[in-house]
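Breakdown of the fold
The chain contents come next:
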Amino acid sequence: MTTAIHARFLTRATNRFIFSLSCNNRMTRQEAKNIAVLVMWSAAFAVSLPLLYQQIGGASPVFAFIVTLTPMGLLRYVHPVRSFGTPYCFHRLRDCEHHPEFAKKLGLPAFAWLLRHSPLRLLNSFVYLRRWPGAPARVLKHVLEAEASHFWAFFAAIPYIAFALFHGWWAGLTVGCTVQIVGNIYPYLHLRKTRSRLSTFIARSSVRLELPSKAPESTPPSVTPPAGAANAPSPCLADR
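Described in the following lines is the structure provided in the data block. For clarity, every value in this text was computed on a predicted model and none was experimentally measured.

Rules behind the numbers
Residues numbered from 1 in each chain as written. Predicted model: local features only at pLDDT ≥ 70, side-chain atom pairs only at ≥ 80, totals over all residues. Heavy atoms only, no water. Phe/Tyr/Trp six-rings, centres within 6.5 Å; stacked < 30°, edge-to-face > 60°. Helix = DSSP H or I, 4+ residues; strand = E, 2+ residues; numbered from the N terminus. Buried < 20%, exposed > 50% of the residue type's maximum accessible area, 1.4 Å probe, protein only. Lys NZ or Arg CZ within 6 Å of the ring centre and 35° of its normal. Patch = residues over 30% accessible without salt bridge, like charges linked within 9 Å, V, L, I, M, F, W, Y side chains within 5 Å. Areas by Shrake-Rupley, 256 points an atom, 1.4 Å probe, with all protein chains shown as cover. Salt bridge = Lys/Arg side-chain N within 4 Å of Asp/Glu carboxyl O. Core = buried A, V, L, I, M, F, W, Y, C linked by side-chain atoms within 4.5 Å. 1 Å grid on protein atoms, 1.4 Å probe; cavity = no way out; pocket = protein on both sides within 12 Å on 5 of 7 lines; lining within 4 Å. Points joined across faces, edges and corners; volume = space filled by probe spheres on them. Nonpolar A, V, L, I, M, F, W, Y, C, P; charged D, E, K, R; others polar. Polar contact = N/O pair within 3.5 Å; in protein donor to acceptor, adjacent residues only side chain to side chain. Contact = heavy atoms within 4.5 Å. Axes fitted to C-alpha atoms, helices over the stretch in contact; angles between N-to-C directions. Parallel < 35°, antiparallel > 145°, perpendicular 65-115°, else oblique.

As enumerated under the stated definition, the model contains 12 aromatic pairs in all. Considering the side-chain rings of tryptophan 41 and phenylalanine 45, the 5.7 Å spacing of their centres and the 35° angle between planes classify their relative orientation as tilted. Here tryptophan 41 and its partner phenylalanine 45 are both found in helix 2 (residues 29–56), 4 residues apart, which amounts to about one turn of the helix. Note on phenylalanine 154 and phenylalanine 155: the rings are 5.2 Å apart at their centroids and 85° apart in plane angle, and the pair reads as edge-to-face. Taking relative accessible area as the criterion, phenylalanine 154 reaches 24% and is therefore assigned partly exposed. One aromatic cluster is present, formed by Phe90, Phe151, Trp152, Phe154, Phe155 and Tyr188 through successive ring pairs. The ring of tyrosine 77 carries the charged tip of arginine 76 above its face, separated from the ring centre by 5.9 Å.

Taken together, the side chains of Ile56, Val62, Phe65, Ile66 and Leu69 define a hydrophobic patch exposed on the protein surface, amounting to about 400 Å² of accessible area. Sort the elements by how many residues they give to the nonpolar patch and helix 3 (residues 61–75) lands first, with 4 residues. In this fold, isoleucine 66 is placed in helix 3. Looking at isoleucine 66, the relative accessible area reads 33%, which means it is partly exposed.

We now examine the pattern of salt bridges. For the structure shown, the criterion picks out 4 salt bridges. For arginine 195, the salt bridge goes to glutamate 147, with nearest N and O atoms at 2.9 Å. Of this pair, arginine 195 sits in helix 9 (residues 170–210) while glutamate 147 is found in helix 7 (residues 136–156), placing the two residues 48 residues apart along the sequence. In terms of burial, arginine 195 and glutamate 147 fall into one category: buried. Bridged by salt links that share partners, the residues Glu97, Glu147, Arg192 and Arg195 form one connected network.

Okay, the nonpolar core next. Of all hydrophobic cores here, the largest spans 8 residues; its members are Phe63, Ala64, Val67, Tyr160, Ile161, Ala164, Trp169 and Leu173. Elements represented by at least two residues in this core include exactly helix 3 and helix 8 (158–167). Among the nonpolar cores identified, the runner-up in size contains 6 residues, and Val139, Ala146, Leu191 and Leu198 belong to it.

What follows concerns empty space enclosed by the protein. Evaluation of the coordinates by the stated rule reveals 1 cavity of 30 Å³ or more. Its volume calculated, the largest cavity comes out at about 50 Å³. Lining the largest cavity, in full, are Glu97, Phe102, Ala103, Leu108, Leu189, Arg192 and Lys193. Of all elements in the fold, only helix 5 (100–106) and helix 9 reach the threshold of two or more residues within the lining of the largest cavity. Looking at the lining of the largest cavity residue by residue, the class counts come to 4 nonpolar, no polar and 3 charged.

Here the focus is the side chain of lysine 193. By the secondary structure assignment, lysine 193 is in helix 9. There is a polar contact of 3.4 Å between the side chain of lysine 193 and the backbone oxygen of glutamate 97. Apart from the residues within four sequence positions on either side, lysine 193 is in contact with Glu97, His98, His99, Pro100, Ala103 and Leu108.

Our focus in this paragraph is the packing of helix 2 against helix 3. Packing of helix 2 against helix 3 leaves a shortest axis separation of 11 Å and a crossing angle of 170°. Judged on the interaxial angle alone, helix 3 and helix 2 are roughly antiparallel. Facing helix 2, whose interface residues are Leu38, Trp41, Ser42, Phe45, Leu49, Leu52, Tyr53 and Ile56, helix 3 presents Val62, Phe63, Ile66, Thr70 and Leu74. Of the residues contributing to the contact of helix 2 with helix 3, the split by class is 11 nonpolar, 2 polar and no charged.

Coordinates in, geometry out; function isn't part of it.
Pasting the structure below:
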């Protein structure tokens, strides 16, 4: 009964907060809702993490798992309010990142297979080309956002890694490093590879649309392959 009353009170307070933001700042209701969600999740993390630290301690593997994942969970609510990216020196793709051999050396194809055949693909469905098969530029935008989130989430979790190393919390340190590798580093590298393929596809499609067709008029439409069919990305091109 008490939980239901608290949930009802929180819902009403959220609606009032959204309404006041939309009225006072001349923003849309969706923009006000995004800000309200960000503020409330930030408050929830700010309150729950210290309480969790007091209950189980910073050396606990459970605490290490949660605290290293928290930045990634919070950053997904920042993008709707204010979009952000990575510094230019990290944003620019290197020449080696365009070659499949580089991805194979890092094991990115195996990681991509794991994402496609596990519930992890449900964490961010906006970066899949099959969701918007006719809008690769839209998919590229979400790929860039996800890439930036993993980039900054990695650095946001570094203080706990350093703190655990300093105090000799080896169990927490092991879990934290594992989460960093599986949850931030490999997704970041995989998204960069996806961005390389997606950018190449968009550039080729633009050039193909600008060039006049040289096919003879007598060629039946059913014989001529559709533009971009040879270089069209697979449905899982933007799979994370």
